[in-house]
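Topology and contacts: notes
Residues per chain are reported as follows:
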Amino acid sequence: MPPFSLALLPASLAPWVADIADRVQCPLDFVAVDVMVAAAAVIGRQIAIRPKRQDDWAVVPTLWGLAVGPPGSMKSPAHEGDT
């Protein structure tokens with residue numbers, strides 16, 4: 001798998017993710033997953049997808065995140081570092 005790129009994150013969150021990952025000494029992906037899921041939770045139902053143009057049907061997406069890595073790869077400290 002290619003390394004995670006900070007360019008995939010919004011410009012306002014990328015420096016924060018890089019700082020946390022550097023302080024905790026863990027991969028960027030572990031912190032980025034938590035930050036993006038937390039941002040989605042804050043946005044909540046304010047944004048919806050409306051797949052039918054002539055209908056009022058709206059779908060509110062739910063973002064799930066999971067950090068996968070071997071034991072000792074600093075997954076837990078990354079999750080605690082951004083709270």
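Further up the page is the structure itself.
Residues numbered from 1 in each chain as written. Predicted model: local features only at pLDDT ≥ 70, side-chain atom pairs only at ≥ 80, totals over all residues. Heavy atoms only, no water.

A closer look at the nonpolar core
L9, V17, C26, V31 and A78 are the most contacted members of the largest nonpolar core, which totals 13 residues. It is helix α1 (residues 14-24) that contributes the most residues to this core, 5 residues altogether. What V17 contacts, discounting residues up to four positions off in sequence, is L6, L9, L28, V31, A32 and V35. (Core = buried A, V, L, I, M, F, W, Y, C linked by side-chain atoms within 4.5 Å. Buried < 20%, exposed > 50% of the residue type's maximum accessible area, 1.4 Å probe, protein only. Helix = DSSP H or I, 4+ residues; strand = E, 2+ residues; numbered from the N terminus. Contact = heavy atoms within 4.5 Å.)

Things to note about the side chain of S73
On the secondary structure map, S73 appears in the loop between α2 (28-43) and α3 (75-81). Here P70 takes part through its backbone oxygen, which lies 2.7 Å from a polar atom of the side chain of S73. Beyond its immediate sequence surroundings of up to four residues, S73 is in contact with P27 and F30. (Polar contact = N/O pair within 3.5 Å; in protein donor to acceptor, adjacent residues only side chain to side chain.)

Let's talk about the environment of I47
Position of I47 relative to the elements: it lies in the loop between α2 and α3. Residue I47 is classed as exposed on the basis of its relative accessible area of 52%. Through-space distance from the C-alpha of I47 to that of P77 is 31 Å; in sequence the pair is 30 residues apart. Residues in contact with I47, not counting those within four places in the same chain, are V60 and P61.

By themselves, these observations are geometric and do not establish any function.
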